[in-house]
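Summary of structural features
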Amino acid sequence: MGELLADHTTLRLGGPADRFLTHTDPAVWLDVARVVQREQIGPFVLGGGSNTLADDAGYPGPVIRMATRGIAVRSLADGFVEVVAQAGEPLSALVAFTISEGLSGIEYLGGIPGTTGAAPVQNTGAYGQQISDTLASITAYDWHLGRTVELRFSGCDFGYRSSAFKTGPGRWTLLDVVLRLTRSPYAAPITYQHLADALDVRLGIRPPLAEAGQGVLYDRRNRGLSLPQAGPDSRQAGSVFLNPLVTPAQAATVRAAGGPVHLDQSGHLRASAGWLLERAGYYPGAPVAPGVFCSTGRTLTLTARNAATASSFDTALRTLASQVLAATTVHLTPEPVRPGRCVDVGFRTEQL
Ligand SMILES: Cc1cc2nc3c(=O)[nH]c(=O)nc-3n(C[C@H](O)[C@H](O)[C@H](O)COP(=O)(O)OP(=O)(O)OC[C@H]3O[C@@H](n4cnc5c(N)ncnc54)[C@H](O)[C@@H]3O)c2cc1C
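Here the residue numbering is sequential within each chain, running from 1 through the sequence in written order. A pLDDT threshold of at least 70 governs which residues receive local features in this predicted model, and a stricter bar of 80 or more applies before side-chain atom pairs are shown or counted, although totals over entire chains, interfaces and linings include all residues. For side-chain calculations, the full set of non-hydrogen atoms in the structure is used, while hydrogens and water are omitted.

1. Brief notes about the site of the ligand
For this description, a residue counts as near a given molecule or strand if any of its non-hydrogen atoms is within 4 Å of it. What surrounds the ligand is a group of 34 residues, the closest being Val 45, Gly 47, Ser 50, Thr 52 and Gly 125. Separating an oxygen atom of the ligand from a side-chain N or O atom of Ser 50 is a distance of 2.6 Å. The definition of a polar contact used here is a pair of N or O atoms within 3.5 Å, where within protein one atom must be able to donate a hydrogen and the other to accept one, and adjacent residues in sequence count solely through side-chain atom pairs. Contacts to the ligand include Pro 113, whose backbone N or O atom sits 2.9 Å from an oxygen atom. Note on areas: Shrake-Rupley with a 1.4 Å probe; residue coverage comes only from the protein chains shown. Considered on its own, the ligand offers 980 Å² of accessible surface; in the complex 93% of this is hidden by protein.

2. Concerning the domain arrangement of the protein
Domain boundaries assigned for the protein yield domain 1 (5-68 + 339-351), domain 2 (71-222) and domain 3 (241-328). The source of the domain bounds is an automatic or database domain assignment. Spacing between the C-alpha centres of domain 1 and domain 2 amounts to 24 Å. We call two residues contacting when some pair of their heavy atoms lies within 4.5 Å. Opposite the 21 residues of domain 1 that make contact, domain 2 presents 19 residues. Buried area is a sum: the accessible area each of two parts loses on coming together, probed at 1.4 Å, counted once for each and added. Contact between domain 1 and domain 2 buries roughly 1600 Å² in total, counting both sides, with carbon and sulfur atoms accounting for 61%. Here, a salt bridge means any side-chain nitrogen of Lys or Arg that lies within 4 Å of a carboxyl oxygen of Asp or Glu. On inspection of domain 1 and its partner domain 2, the count reaches 0 salt bridges. Each helix is a run of H or I in the DSSP string that is no shorter than four residues. Each strand is a run of E no shorter than two, and both are numbered from the N terminus. Counting residues per element, the side of domain 1 that touches domain 2 draws most heavily on helix H1 (residues 29-37), which supplies 5 residues. Only Asp, Glu, Lys and Arg are considered charged in this grouping, and only Ala, Val, Leu, Ile, Met, Phe, Trp, Tyr, Cys and Pro are considered nonpolar; every other residue, Gly among them, is considered polar. Its residues assigned to classes, the side of domain 1 that touches domain 2 comprises 13 nonpolar, 8 polar and no charged.

3. Focus on the nonpolar core
If you look at the biggest cluster of nonpolar residues, it comprises 37 residues, and the most contacted ones within it are Ile 106, Tyr 108, Ile 138 and Leu 179. If you look at the next biggest cluster of nonpolar residues, it comprises 36 residues, including Leu 53, Ala 271, Leu 276 and Ala 286. Side-chain atoms within 4.5 Å are what join buried Ala, Val, Leu, Ile, Met, Phe, Trp, Tyr and Cys residues into a set we call a nonpolar core. Exposure classes here rest on a 1.4 Å probe applied to the protein chains alone. A residue is buried below 20% of its type maximum, exposed above 50%, and partly exposed in between.

4. Some thoughts on the pairing of strand E5 (residues 80-86)
In terms of burial, E5 is a largely internal element, 6 of the 7 residues being buried. Note on pairing: two strands pair once DSSP finds at least 2 bridges between them. Sheet topology note: the strand E4 (residues 71-75)/E5 ladder contains 5 bridges and is antiparallel. Paired with Ser 75 across the strands is Val 81, a residue of E5. The antiparallel hairpin formed by E4 and E5 contains 4 residues in its connecting segment, where Gly 79 sits at a positive phi of about 95 degrees. Here E5 pairs with strand E11 (residues 172-183) via 7 bridges, running antiparallel. Bridge pairing in E11 links Val 81 to Leu 181.

5. Looking at the side chain of Thr 134
Inspection of the secondary structure assignment puts Thr 134 in the loop between strand E8 (129-130) and strand E9 (135-142). For Thr 134, a relative accessible area of 9% translates into the label buried. Apart from the residues within four sequence positions on either side, Thr 134 is in contact with Gly 105, Ile 106, Val 178, Leu 179, Arg 180 and Leu 181.

6. Comments concerning the packing of aromatic side chains
Aromatic rings from Phe, Tyr and Trp, with only the six-membered ring used for Trp, were paired whenever their centres fell within 6.5 Å, and each pair was classed as stacked if the ring planes differed by under 30 degrees, edge-to-face if by over 60, and tilted otherwise. Taken as a whole and judged by the stated rule, the model has 7 aromatic pairs. Between Trp 29 and Trp 143 the ring centres are 6.0 Å apart and the planes differ by 70 degrees, which places this aromatic pair in the edge-to-face class. Of this pair, Trp 29 sits in helix H1 while Trp 143 sits in the loop between E9 and strand E10 (147-152), and the two are 114 residues apart along the sequence. Using a relative accessible area of 4% as the deciding quantity, one classes Trp 29 as buried. For Trp 143, a relative accessible area of 0% puts it in the buried group. Considering the side-chain rings of Phe 165 and Trp 172, the 5.7 Å spacing of their centres and the 90 degrees angle between planes classify their relative orientation as edge-to-face. Through successive ring pairs, a cluster of aromatic residues spans Trp 29, Tyr 141 and Trp 143. One residue, Arg 180, lies across the ring of Phe 80, its end atom 4.0 Å from the ring centre. Its guanidinium or amino end placed over the ring of Phe 293, Arg 305 lies 4.2 Å from that ring's centre, counting from NZ or CZ. Whether a charge sits over a ring comes down to the Lys NZ or Arg CZ being within 6 Å of the ring centre and within 35 degrees of the ring normal.

Following this line, the structure appears as structure tokens:
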């Protein structure tokens, strides 16, 4: 049997990959690509597997796990600093590195599991900061063109937890990411009340970088936003739904019931997925499907326990979404990625 995806995802679910490659050396990427190009099915690219719900049947094509490490820094003439990180570099290690170097721009992204190469895919973000805020460019392999390309920010189509890489999965494999950071001893202004409370400061304050980083880790642990090594919440993929778009009428109903609604960066109204789940009757620790529970720390995270399968996890997602729809008329969209959906998307061996 092939390598189990369950061994490479934080939910620890998922059957075998038809072929499994671990990519560790940037110098041999083209050899890896050549091997994969001979396959009939396009690759599924895996980072830390912390936003992936792999099927019980596994993946019928090649899976490439990005495990390249390395961070390089170069000062620019305009005073900014460019940081180049390999795709497999853990995002939390990159954040810790930038804080220790006195570089501001991604200090609020600490404690998020996963790799740097995956961060632009879903435009990973927290506490009002998202990777696209500081992203300068990306080196990627384009499976359509069969060569390495450099992508600038403007071509990445970033939005709330989305990007061109997410809406067109399968076309690009991100090899390294270039961020443009500011040399400063201070973090960006705090815009989240939970974080302000954790640091015992007012909103709008710019705390010292190291304090900001520690405050984030403390707040994430306190609110069930970190990945425990063991215990009932140790198998999870973080938030399972995006905060949904709502119409003005739905927003008014949510507000009237005491729920939060905010404007996203594109000026669209969004409600809180966690609040909507609680409105539909769910709560931390609630059972949802065989082996699948809301985490003990927060309703918006589902955890897999002994009896869980990818199929029961999927049932849990559908159950929650339909209960929320019935209770509030709002549609929820799952956040974790399903590898099977990348099959047949844009992989054209004849063009390579
Ligand atoms: C406890 C916990 C807390 C979390 N908190 C947050 C949070 O605060 N904010 C947030 O945004 N997310 C959060 N997440 C979700 C997840 O950690 C992030 O989305 C993270 O960026 C995913 O990284 P990964 O390497 O694990 O991605 P994976 O799960 O391995 O992959 C996710 C997607 O990216 C693609 N991908 C991965 N690497 C590459 C690459 N090099 N090139 C092309 N495509 C690639 C995959 O094909 C897949 O489509 C959390 C998850 C957990 C478990």
